[in-house]
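Notes for the structure review
So the chains spell out like this:
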2 protein chains.
Amino acid sequence: MQQLIERIKRDGVVRPGGVLKVDSFLNHQIDPALSYDMAKEIRRLFADEKVDKILTIEASGIGMAVLTGLVFGCPVLFAKKSKTINLSDDIYSTTVYSFTHQVSKQVLVSKRYLNPGERVLIVDDFLANGAALEGLCDIVGQAGAEVVGAAVAIEKAFQPGGERLRGKGLRIEALARIASMSDDSIEFCED
Amino acid sequence: MQQLIERIKRDGVVRPGGVLKVDSFLNHQIDPALSYDMAKEIRRLFADEKVDKILTIEASGIGMAVLTGLVFGCPVLFAKKSKTINLSDDIYSTTVYSFTHQVSKQVLVSKRYLNPGERVLIVDDFLANGAALEGLCDIVGQAGAEVVGAAVAIEKAFQPGGERLRGKGLRIEALARIASMSDDSIEFCED
């Protein structure tokens, strides 16, 4: 998505350790007009699919997910993060390792809001190692629902998540795919 | 806002201890069409005010805040919660006590995204004891910016936050104000 790529080029900041800061428009401060255009692009990419529900994970995926739900005309569900294992009968849970924060967290969804047979589109801001997407797919599977695919704003294509999850058959659409980053440049995949 | 009141009557669940569960449409699963209508109502209520930025706090305020930013045509900033005190020079922080979880958390905003003189509208899903709103007002004050007011989806008017903060001169618009709750009924304020 050219608009997002241009914005990353203009406002993204590369930090040591392969960190891309986009907190001026995506995951701390949010440009809602850009996010709305991203949601419409996701709708275009998944125009051939019936989608019953959008699923994301707190916190930085929520804005984009809510706008995507508005465009699709369907509910949005966000998984909650918890440091403690919640053994309630009422929730689906899975463990997700955060490479950024080097900690494992439980990710929780109320059973009430994911139903067998529902067609779920997963939305998130970043795809790098793929742990969050994998955890969300696991939760959808526990519910007996079906993952239609995943839409992410930015894929770090030089990290292994995208290839591994596509290899498992997950359809992933990334609005911007980064091939490589260095202190003074960001190279995008040509596709 | 009648549409929100009707939805709370239909889908809200009162739990022991004065807890109102609205996680089927507001803060776990989200109805984006309702949230968009809420954002438009907030725009109507603050039509007389110039607003440069929307400020909320993760996680459950984000969806509503992003839609409000879309309607106002301005950026949205969400404060992050942290259990550790972050002493970075780059952030404004304050401490917010959560009565729900009975724990204090640091609330952080990057200094880069709040500027002196900016006119800030605070948006959140709930107002009860007012600790979150108060913390966000504190952060806006640290930045030398100005709080235009606060818009909340649901005010528990039987709890002290609204009265205390209005007493300090904060303009608060609540889309639904609950006068009292019991196991089998929710009474709304007439206003």
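The structure contained in this document is the topic of the report that follows.

What counts and what doesn't
Residues numbered from 1 in each chain as written. Chains lettered and ligands numbered in written order. Predicted model: local features only at pLDDT ≥ 70, side-chain atom pairs only at ≥ 80, totals over all residues. Helix = DSSP H or I, 4+ residues; strand = E, 2+ residues; numbered from the N terminus. Rg over C-alpha atoms; globule rule 2.2 N^0.38 Å. Buried ≥ 20, exposed ≤ 12 C-beta atoms within 10 Å, placed from the backbone. Contact = placed C-beta atoms within 7 Å. Nonpolar A, V, L, I, M, F, W, Y, C, P; charged D, E, K, R; others polar. Pairing = 2+ DSSP bridges. Right-handed = clockwise from strand over helix to strand, strands pointing away. Least-squares fit on C-alpha atoms with pLDDT ≥ 70 in both. Axes fitted to C-alpha atoms, helices over the stretch in contact; angles between N-to-C directions. Parallel < 35°, antiparallel > 145°, perpendicular 65-115°, else oblique. Left-handed = near helix turned anticlockwise from the far one by under 90°. Core = buried A, V, L, I, M, F, W, Y, C linked by C-beta atoms within 7 Å.

**Side note on the overall build of chain A**
Scanning chain A from N- to C-terminus turns up five helices and 11 strands. Compactness check: chain A gives a C-alpha radius of gyration of 16 Å against a globular reference of 16 Å for 191 residues, within 12% of the reference. Considered along the principal axes of its C-alpha atoms, chain A spans approximately 50 × 35 × 30 Å. When each of the 191 residues of chain A is scored for burial, the buried share is 44%. For chain A, the share of sequence-separated contacts (at least 6 apart) that also reach a separation of at least 24 residues comes to 60%.

**Quick notes on the interface of chain A and chain B**
Contact residues are listed per partner, giving 23 residues for chain A and 23 residues for chain B. The set of elements that each furnish at least two residues to the side of chain A that touches chain B consists of β3 (29–30), α2 (32–45), α3 (62–72) and β5 (76–82) of chain A. Among the elements that take part in the side of chain A that touches chain B, α3 of chain A stands out by supplying six residues, more than any other. The residue makeup of the side of chain A that touches chain B, split by class, is 14 nonpolar, six polar and three charged.

**A closer look at the pairing of strand β9 (residues 146–156) of chain A**
Walk down a regular strand and you will see the side chains alternate between the two sheet faces. Residues and elements named next belong to chain A. Burial analysis of β9 places nine of its 11 residues in the buried class, the great majority of the element. With eight bridges joining them, strand β8 (residues 119–127) and β9 adopt parallel strand pairing. Bridge pairing in β9 links Asp 124 to Val 152. A crossover connection joins β8 to the parallel β9 through helix α4 (residues 131–142); in handedness this β-α-β unit is right-handed. Judged from the six bridges that link them, β9 and strand β10 (residues 172–182) form a sheet pairing that is parallel. The residue bridging Glu 155 from the neighbouring strand is Arg 177, located in β10.

**Observations regarding the relation of the copies chain A and chain B**
The transformation that overlays chain A on chain B combines an axial shift of 0.0 Å with a rotation of 180°, and the residual RMSD is 0.0 Å. In symmetry terms, the pair is related by a two-fold rotation axis.

**Some points on the packing of helix α2 (residues 32–45) of chain B against helix α3 (residues 62–72) of chain B**
All names here are of chain B. α3 packs onto α2 with a crossing angle of 50° between their chain directions and a minimal axis gap of 8 Å. The angle between the axes of α2 and α3 places the two elements in the oblique class. In this structure, the crossing between α2 and α3 has a hand that is right-handed. Contact residues: α2 offers Ser 35, Tyr 36, Met 38, Ala 39, Lys 40, Ile 42 and Arg 43, while α3 offers Gly 63, Met 64, Leu 67, Thr 68, Leu 70, Val 71 and Phe 72. The class makeup of the residues in the contact of α2 with α3 is nine nonpolar, three polar and two charged.

**A look at the nonpolar core**
Judged by nonpolar contacts, the single largest core of 112 residues is most densely connected at Leu 136 and Ala 153 of chain A together with Leu 136 and Ala 153 of chain B. Beyond its immediate chain neighbours, meaning those up to four positions away, Leu 136 of chain A contacts Leu 55, Ile 57, Ala 79 and Ile 122 of chain A.

**Concerning α3 of chain B**
All names here are of chain B. Extensive coverage of α3 is indicated by the burial of 10 of its 11 residues. Among the residues of α3, those classed as buried are Ile 62, Gly 63, Met 64, Ala 65, Val 66, Leu 67, Thr 68, Gly 69, Leu 70 and Phe 72. One or two positions beyond α3, positive phi appears at Gly 73, with a value near 70°.

That's the geometry; what it means functionally is another story.
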